[in-house]
Amino acid sequence: MDAFVDFKKHFSALHDPAVVYLDSAATTQVPDSVLAAVSSYARGGRGNPYRGLHTFAAKATKLLSSSRATVAAFIGARPEELLFTKGTTEGLNLVARALGSRLCPGDQVVLTIFEHHANLLPWRELARERGFSITYLPMAKNGSVDLELAKKIIGSRTKVVAVTQASNVLGTILPVYELAELAHDVGALVVVDAAQSVARLPVDVHQLGCDALAFGAHKMYGPEGIGAVYISDHLRPQLSPLLYGGGMVDEVLDDTIRYAEDLRLFEAGSPNVAGAVGFAAACEFLQLLGLEHVRQHELELTAKLVRALAELPRVIIHSPAPELGRVGVVSFSIEGVHSHDVAQLLADQGVAIRAGYHCAAPLTRCLDIGGTVRVSFGVYNDLADVDKLIEGVKTVLARFV
Amino acid sequence: MSDMYRQQLLDHARRPRHHGVLAEATHTRHEANPSCGDVIDIYLVTSSNGLVEQVSFTGQGCVISQAATSMLLESVAGRSVAEVLAMCPEDVVGLLGIEPGPMRINCALLPLRALHKVLSR
């Protein structure tokens, strides 16, 4: 925990000791270093990359390119493999649209019951259009997916396996490496939703062997409105742009259009340079801390939380995964009290958590839990935050039960 | 501590009035609030002269949504359809006696939305 002592001082939003922020799976707070990078870009003069020859435009072009390299390196990718998007959702939609629109009746896409709607609805919509089928890997007794069952389900009909690396509801870390191998054995492509994992676990796309991996900056201490998706060399020729507009063409003639042959094809419109700069600064921030330390810190907080919750009456913990099998995200319910009422009373005490279905209806329905209270940690949390949460839950119990 | 959970609200949430299914309903409506996951089904019997004669509901969800449904239905029983259609969000907030705030207002307005949709058909 040493690296994280007094760590809140790096986050202006958390200077007020009355604030207990435990909703980092929704969005993280931003360290001052990231804010400084973003503001320093704008103060130094904004420009529109690839457009214009003046100093500001040249500087913006350079910054966009160096930011892309930093973010790509953060997940072990080369810059030419990384597209900027507005967030995880856009990345997953881009990939689903490209892959799904080529599928036919008889083809199968394999998802897991843990998927966030961002990795579910694009496939559901395309399945309706194209007539392919979707199979969900269910939750096994160990709280994750059963690889033996996955081996039976992933077969010659399987064209895509799209899976979240860490559940945004339960924190469960899914066996993406093993699933990727099973998928590749049958020639299927692998899409990873890394929204919750990328700031919590070291991610290396080449080691993982995935074809696409999407994530967003705002869940990893970066700005809102920017994300990225890794696209493998193998997948890139199969993608088509979601948007058409400026900056994506080499030549527009009366009767033909020659599109850019690099990533610019997928980034039509003026790029979000400030976002990219902040995104890169966030990656540097995490690199400086070291993801292994972040993980250690999170495990310590999670262990204390689970222990303390388990001692309270009427509290049911919904994260069945063993300690090492999950990231710093824990869901629980209080018998007889709706999760939003818990959230409200905690909010009144300055404790920020998330309640409800967490945009993962298939999972909450399968667990039959009608919404959960979710605690999710960030690098700035400490053991005192856990104490305050537990005090808050005791107040809820006293009030309602 | 929030007065969002004042006694009257908790009482309505715990012992909802007009709870159950009205088999002879002339109007029924299912309404859901995705953020909280609140669901309600309302059942109404309206008369030929435009009165809401009987009301009932079933549902699951947070205290605010369930108490608001119970209190709103209690207040519309016996009133005219036109009067109910003329009700506005402020009327519901007035009934609840609390200010739900931007995050909970959808819970509070769930029953009004259901009533308006089903009665304006």
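Residues numbered from 1 in each chain as written. Chains lettered and ligands numbered in written order. Predicted model: local features only at pLDDT ≥ 70, side-chain atom pairs only at ≥ 80, totals over all residues. Heavy atoms only, no water.

Visitor: Please explain the side chain of B:Arg29 as it appears in this structure.
Guide: With respect to the element layout, B:Arg29 can be found in strand 1 (residues 27-33). Beyond its immediate chain neighbours, meaning those up to four positions away, B:Arg29 contacts B:Ile40, B:Asp41, B:Ile42, B:Ala114, B:Lys117, B:Val118 and B:Arg121. (Helix = DSSP H or I, 4+ residues; strand = E, 2+ residues; numbered from the N terminus. Contact = heavy atoms within 4.5 Å.)

Visitor: Which parts of the structure should I look at to understand the side chain of A:Glu81?
Guide: All names here are of chain A. In this structure, Glu-81 sits in the loop between helix 2 (55-74) and strand 2 (82-85). One polar contact links Glu-81 to His-206, side chain to side chain, over a distance of 3.1 Å. With residues near it in sequence (within four places) discarded, Glu-81 still touches His-206, Val-229, Tyr-230, Ile-231, Asp-233, Arg-236 and Leu-263. (Polar contact = N/O pair within 3.5 Å; in protein donor to acceptor, adjacent residues only side chain to side chain.)

Visitor: Before we go on, may I ask you to explain the domain arrangement of chain A in this structure?
Guide: It is common to give the size of an interface as the accessible area that goes away when the parts come together. All names here are of chain A. Partitioning chain A into domains gives domain 1 (2-22 + 290-400) and domain 2 (34-287). Each of domain 1 and domain 2 was reduced to a C-alpha centroid, and the two centroids are 28 Å apart. If you look at the interface, domain 1 gives 35 residues, while domain 2 gives 27 residues. Area buried by domain 1 at its contact with domain 2 is led by Leu-291, Val-327 and Leu-363, which between them contribute 26% of it. Taken together, domain 1 and domain 2 are joined by one salt bridge. Notably, a salt bridge pairs Arg-200 with Glu-298, separated by 2.6 Å at the nearest N-O pair. Linking domain 1 with domain 2 are 11 residue pairs in polar contact (both at pLDDT 80 or more). Listed by contribution, the elements that provide at least two residues to the side of domain 1 that touches domain 2 are helix 9 (291-310), strand 12 (329-334), helix 11 (361-367) and strand 15 (372-376). Considering every element that reaches the side of domain 1 that touches domain 2, the biggest residue donor is helix 11, with five residues. (Domains from an automatic or database assignment. Buried area = accessible area lost by both parts, 1.4 Å probe. Salt bridge = Lys/Arg side-chain N within 4 Å of Asp/Glu carboxyl O.)

Visitor: When you look at the interface of chain A and chain B in this model, what are you seeing that I'm missing?
Guide: Contacts between the two partners involve 13 residues from chain A, matched on the other side by 16 residues from chain B. Where chain A touches chain B, the interface holds one salt bridge. Between B:Arg104 and A:Asp341 there is a salt bridge, and its shortest N-O distance comes to 3.0 Å. For the side of chain A that touches chain B, the elements supplying multiple residues, two or more each, are helix 10 (339-348), strand 14 (354-356) and helix 12 (383-400) of chain A. Considering each element in turn, the side of chain A that touches chain B owes the most residues, five residues, to helix 10 of chain A. Tallied by class, the residues present in the side of chain A that touches chain B amount to four nonpolar, six polar and three charged. (Nonpolar A, V, L, I, M, F, W, Y, C, P; charged D, E, K, R; others polar.)

Visitor: So what exactly am I meant to see when it comes to unusual backbone geometry here?
Guide: As a rule of thumb, non-glycine residues mostly have phi less than zero, and peptide bonds are mostly trans rather than cis. For A:Tyr50, which is not glycine, the phi torsion reads 65° and is therefore positive. You can see A:Tyr50 is positioned in the loop between helix 1 (32-43) and helix 2.

Visitor: Help me understand a nonpolar patch on the surface, please; the structure alone is not making it clear to me.
Guide: Residues and elements named next belong to chain A. A cluster of nonpolar side chains, namely Tyr-244, Val-252, Ile-257 and Tyr-259, defines an oily patch on the protein surface of about 410 Å² accessible area. By the element assignment, Tyr-259 lies in strand 10 (residues 257-259). By relative accessible area, which is 32% here, Tyr-259 ends up partly exposed. (Patch = residues over 30% accessible without salt bridge, like charges linked within 9 Å, V, L, I, M, F, W, Y side chains within 5 Å. Areas by Shrake-Rupley, 256 points an atom, 1.4 Å probe, with all protein chains shown as cover. Buried < 20%, exposed > 50% of the residue type's maximum accessible area, 1.4 Å probe, protein only.)

Visitor: Sorry if this is basic, but what is going on with the environment of A:Arg295 here?
Guide: Residues and elements named next belong to chain A. Structurally, Arg-295 is set in helix 9. Here Arg-295 falls in the buried class, since its relative accessible area comes to 13%. Sequence separation between Arg-295 and Ala-199 is 96 residues; the distance between their C-alpha atoms is 9.2 Å. Residue contacts for Arg-295: discarding those within four places in its chain leaves Ile-173, Arg-200, Leu-201, Leu-324, Arg-326 and Val-327.

Visitor: What is the right way to read the pairing of strand 12 of chain A from this model?
Guide: Side-chain positions along a regular strand alternate between the two faces of the sheet. Residues and elements named next belong to chain A. For strand 12, a buried count of six out of six residues is recorded, marking the element as mostly surrounded by other parts of the structure. Covered by surrounding structure in strand 12 are Val-329, Ser-331 and Ser-333 together with Val-330, Phe-332 and Ile-334, the residues of both alternating faces. The sheet contact formed by strand 11 (residues 315-317) and strand 12 spans three bridges and is antiparallel. Residue Ile-316 lies in a different strand from strand 12, and its bridge partner there is Ser-333. Relative to strand 15, strand 12 runs antiparallel, the two being bridged by four bridges. Bridging across to strand 15, Phe-332 finds its partner in Val-373. (Pairing = 2+ DSSP bridges.)

Visitor: Looking at this structure, how should I read the packing of helix 1 of chain A against helix 8 (residues 273-289) of chain A?
Guide: The packing of two helices is summarised by the inter-axis angle and the distance between the axes. Residue and element names in this part refer to chain A. The N-to-C vectors of helix 1 and helix 8 enclose an angle of 150°; their axes lie 8 Å apart at closest approach. Classed by the angle they form, the pair helix 1 and helix 8 counts as roughly antiparallel. Handedness of the helix 1/helix 8 crossing: right-handed. Across the interface between the two elements, Ser-33, Val-34, Ala-37, Val-38 and Tyr-41 from helix 1 touch Val-273, Ala-274, Val-277, Gly-278, Ala-281, Ala-282 and Phe-285 from helix 8. Looking at side-chain class alone, the contact of helix 1 with helix 8 contains 10 nonpolar, two polar and no charged residues. (Axes fitted to C-alpha atoms, helices over the stretch in contact; angles between N-to-C directions. Parallel < 35°, antiparallel > 145°, perpendicular 65-115°, else oblique. Left-handed = near helix turned anticlockwise from the far one by under 90°.)

Visitor: I would appreciate a short explanation of the state of the cysteines in the present structure.
Guide: By definition, a disulfide links the sulfur atoms of two cysteine residues through a covalent bond. All names here are of chain A. In total, this model carries zero disulfides over all chains according to the counting rule given. Summary of cysteine pairing: Cys-210 is not part of a disulfide, and the nearest cysteine sulfur, belonging to Cys-283, is at 16 Å. A relative accessible area of 3% places Cys-210 in the buried class. (Disulfide = S-S within 2.5 Å.)

Visitor: Help me understand helix 10 of chain A, please; the structure alone is not making it clear to me.
Guide: At 3.6 residues per turn, the α-helix brings residues three or four places apart onto the same side. All names here are of chain A. For helix 10, a buried count of eight out of 10 residues is recorded, marking the element as mostly surrounded by other parts of the structure. Along helix 10, the residues that are buried comprise Ser-339, His-340, Asp-341, Val-342, Ala-343, Gln-344, Leu-345 and Leu-346. Gly-350 occupies a position one or two residues after helix 10 and carries a positive phi of about 85°.

Visitor: Any chance you could explain the sheet that holds strand 2 (residues 38-46) of chain B here in plain terms?
Guide: Two orientations exist for strands paired in a sheet by backbone hydrogen bonds: parallel and antiparallel. All names here are of chain B. Pairing in this open sheet of three strands is antiparallel, and the strands run 1-2-3 from one edge to the other. Each of the sheet's edge strands pairs with one partner strand only, and the pair in question is strand 1 and strand 3 (52-60). For this sheet the average axis-to-axis angle between neighbouring strands, irrespective of direction, equals 15°. Both strand 1 and strand 2 contribute to a ladder of seven bridges, which runs antiparallel. Along strand 2, the bridge assignment pairs Thr-28 with Tyr-43. Docked against the sheet, helix 2 (residues 63-76) engages strand 2 and strand 3, running at close to 175° with respect to strand 3. Strands strand 1, strand 2 and strand 3 of the sheet are contacted by helix 5 (residues 101-119), whose axis makes an angle of about 150° with strand 1.

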